[in-house]
Amino acid sequence: MRLINIGFGNMVSAERVIAVISPESAPIKRMIHEAEDAGALVNATYGRKTKSVIITDSGHIVLSAMQPETISGRLSGGEAKEE
C-alpha cells in the first residue's frame, strides 16, 4: 500500500484517491458540507486554510492545507512514502 503525505504527518492511501481538487467552487463547497453532515469528512488542515480536497473511492472527503499540485506530484511518484 502506497501512502501519500498530505501534510502535518497525515497520510492517505494512493490507491483510494479518485481526485485532488481545489475547494473554491460552489459545488465543491456544497460537497464538503454534505460530507460533514454525513460524517464522511476528514479535516487534516490543523486549523489552516483548506487548499485541496481529496475525494476517495469510499466516499470520504479529506481536506488538506497543501496545494493540489503538491499532492498530485506525490501521487505520481514525487514524494510518496511506502510502507
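Everything below is about the structure printed above this text.
Let me begin by describing the structure that accompanies this report. Here the residue index of a chain counts from 1 through its sequence in written order. This being a predicted model, a pLDDT of at least 70 is required before a residue's local features are given, and a value of 80 or more before pairs of side-chain atoms are given or counted; all residues contribute to the totals for chains, interfaces and linings. By convention in this description, side-chain values take in all heavy atoms of the structure and omit both hydrogens and water.

So, on to helix α2 (residues 68-75). Buried means the residue's accessible area, taken with a 1.4 Å probe over protein chains only, is under 20% of the maximum for its type, while exposed means over 50%, and partly exposed covers the values in between. Runs of E in the DSSP output that reach at least two residues are strands. Runs of H or I that reach at least four are helices, and both are numbered from the N terminus. Among the residues of α2, P68, I71 and R74 are the ones counted as buried. In an axial view of α2, the angular spread of the buried residues amounts to 125°, which keeps them on one side of the axis. Contact between two residues is taken to exist if any of their heavy atoms lie within 4.5 Å; hydrogens are not considered. Structurally, α2 contributes buried residues whose contacts are with β1 (2-7), β3 (17-21), β5 (52-56) and β6 (61-64). Within two residues after α2, G77 carries a phi angle of roughly 115°, on the positive side. Within this analysis, the arc is defined by the directions that extend from the helix axis to the C-beta atoms.

Time to look at the packing of aromatic side chains. Put simply, two rings from Phe, Tyr or Trp (the six-membered ring, in Trp's case) pair if the centres are within 6.5 Å, and we call them stacked under 30 degrees between planes, edge-to-face over 60, tilted for the rest. Tallied over the full model, the rule gives one aromatic pair. Considering the side-chain rings of F8 and Y46, the 5.1 Å spacing of their centres and the 40° angle between planes classify their relative orientation as tilted. Placement of F8 in the loop between β1 and β2 (10-13) and of Y46 in the loop between β4 (41-44) and β5 is noted, with a sequence separation of 38 residues between them. The class for F8 is partly exposed, based on a relative accessible area of 42%.

Turning our eyes to something else, we now look at the nonpolar core. Soluble, globular proteins show a tendency: their nonpolar side chains are buried together. In this structure, I4, I6, V12, A14, V17, A44, I54, V62, M66 and I71 together form the largest nonpolar core, which totals 10 residues. We define a nonpolar core as any set of buried Ala, Val, Leu, Ile, Met, Phe, Trp, Tyr and Cys residues linked to one another through side-chain atoms lying within 4.5 Å. Within the second largest apolar cluster, eight residues are counted, among which are I32, A40, I55 and I61.

Now for the sheet that holds β3. Pairing between the strands of a sheet is mediated by backbone hydrogen bonds and can be parallel or antiparallel. If DSSP finds at least two bridges between two strands, the strands pair. Read from one edge to the other, the open sheet built from four strands follows the order β3-β5-β6-β4, with strand pairing classed as mixed. At either end of the open sheet lies a strand with only one pairing partner, and these are β3 and β4. Along the sheet, successive strands turn relative to each other by an average axial angle of 20°, direction set aside. Angles run from 0 to 180 degrees between N-to-C directions of axes, and those axes are lines fitted to C-alpha atoms, restricted for helices to the stretch in contact. Packed on one face of the sheet, α2 meets β3, β5 and β6 and runs near 150° to β3.

Now for the pairing of β6. Side chains I61 and L63 project from β6 onto one buried face, and the interleaved V62 and S64 project onto a second face that is buried too. The sheet contact formed by β4 and β6 spans four bridges and is parallel. In the sheet register, A44 faces β6, and the bridge partner there is S64. In this sheet, β6 lies alongside β5 in antiparallel orientation, the contact comprising four bridges. Bridge pairing links S52 to S64 in β6. Turn length for the β5-β6 hairpin, with the two strands adjacent in sequence and antiparallel, is four residues, and the turn residue G59 shows positive phi of about 90°.

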